[in-house]
Amino acid sequence: MPQTLTGWILFAAILASVMRAAATATKLVMALRGKAAHDRLDIHAAYAFGTLLLLFEEGR
């Protein structure tokens, strides 16, 4: 668990974005299979979630 205020803020941001990341991942997988249209915003959301994860790991 985070020990600093910055760590808790990053932890909360990750928790808040988990549901959106799951929906984005599902839509990206469906797009790869040809069952949904590609949306550039989904790719940017996936990058943003990955960035949050990296920041959280470095903050620990």
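The following refers to the structure shown. The numbering scheme is per chain: residues are counted from 1 as the chain's sequence reads. Side-chain atom pairs in this predicted model are given and counted only at pLDDT of 80 or more, local residue features only at pLDDT of at least 70, and totals for whole chains, interfaces and linings cover all residues. Working from all heavy atoms in the structure, the side-chain values ignore hydrogens and water.

**A short note on the overall build of the protein**
Line of reasoning, step 1. The number of helices and strands found in the protein is two helices and zero strands.
Line of reasoning, step 2. This radius of gyration counts C-alpha atoms alone. The globule rule is 2.2 Å times how many residues there are, raised to the power 0.38. Whereas a compact globule of 60 residues would reach a radius of gyration of roughly 10 Å, the protein reaches 14 Å, over 25% beyond that.
Line of reasoning, step 3. C-alpha atoms of the protein, sized along the principal axes, occupy 45 × 15 × 15 Å.
Line of reasoning, step 4. The cut-offs for exposure are 20% and 50% of the maximum accessible area for each residue type, with area from a 1.4 Å probe on protein chains only; residues under the lower value are buried, those over the upper are exposed, and the others partly exposed. In the protein, which comprises 60 residues, the proportion classed as buried is 17%.
Line of reasoning, step 5. Here, two residues are considered to be in contact whenever any of their heavy atoms come within 4.5 Å of each other. Contacts in the protein between residues at least 24 apart in sequence constitute 45% of all its contacts with a sequence separation of at least 6.
Line of reasoning, step 6. Working definition of accessibility: Shrake-Rupley area with a 1.4 Å probe, residue cover restricted to the visible protein chains. When the accessible surface of the protein is summed, it comes to about 4800 Å², and 68% of that surface belongs to carbon and sulfur atoms. Helical segments are the DSSP runs of H or I of at least four residues, strand segments are the runs of E of at least two, and each set is numbered from the N terminus.

**Focus: the packing of aromatic side chains**
What describes a pair of aromatic rings is the distance from one ring centre to the other and the angle between the planes of the rings.
Line of reasoning, step 1. Think of it this way: a Phe, Tyr or Trp ring, Trp meaning its six-membered ring, pairs with another when their centres are within 6.5 Å, and the plane angle makes it stacked under 30 degrees, edge-to-face over 60, tilted otherwise. For the structure shown, the criterion picks out one aromatic pair.
Line of reasoning, step 2. Ring centres of W8 and F11 lie 5.7 Å apart, and the angle between their planes is 85 degrees; this geometry places the pair in the edge-to-face category. Of the two residues, W8 and F11 both sit in helix 1 (residues 5–32), three residues apart, roughly one turn of that helix.
Line of reasoning, step 3. Residue classification places W8 among the partly exposed positions, given a relative accessible area of 40%.
Line of reasoning, step 4. The partly exposed category is assigned to F11, whose relative accessible area is 22%.

**Overview of the environment of A31**
Line of reasoning, step 1. Residue position: A31 is located in helix 1.
Line of reasoning, step 2. On the basis of relative accessible area, A31 is assigned to the buried category, the value being 8%.
Line of reasoning, step 3. Excluding residues that lie within four positions of it along the chain, A31 makes contacts with A36, A37 and H38.

Purely geometric stuff here, so don't read any function into it on its own.
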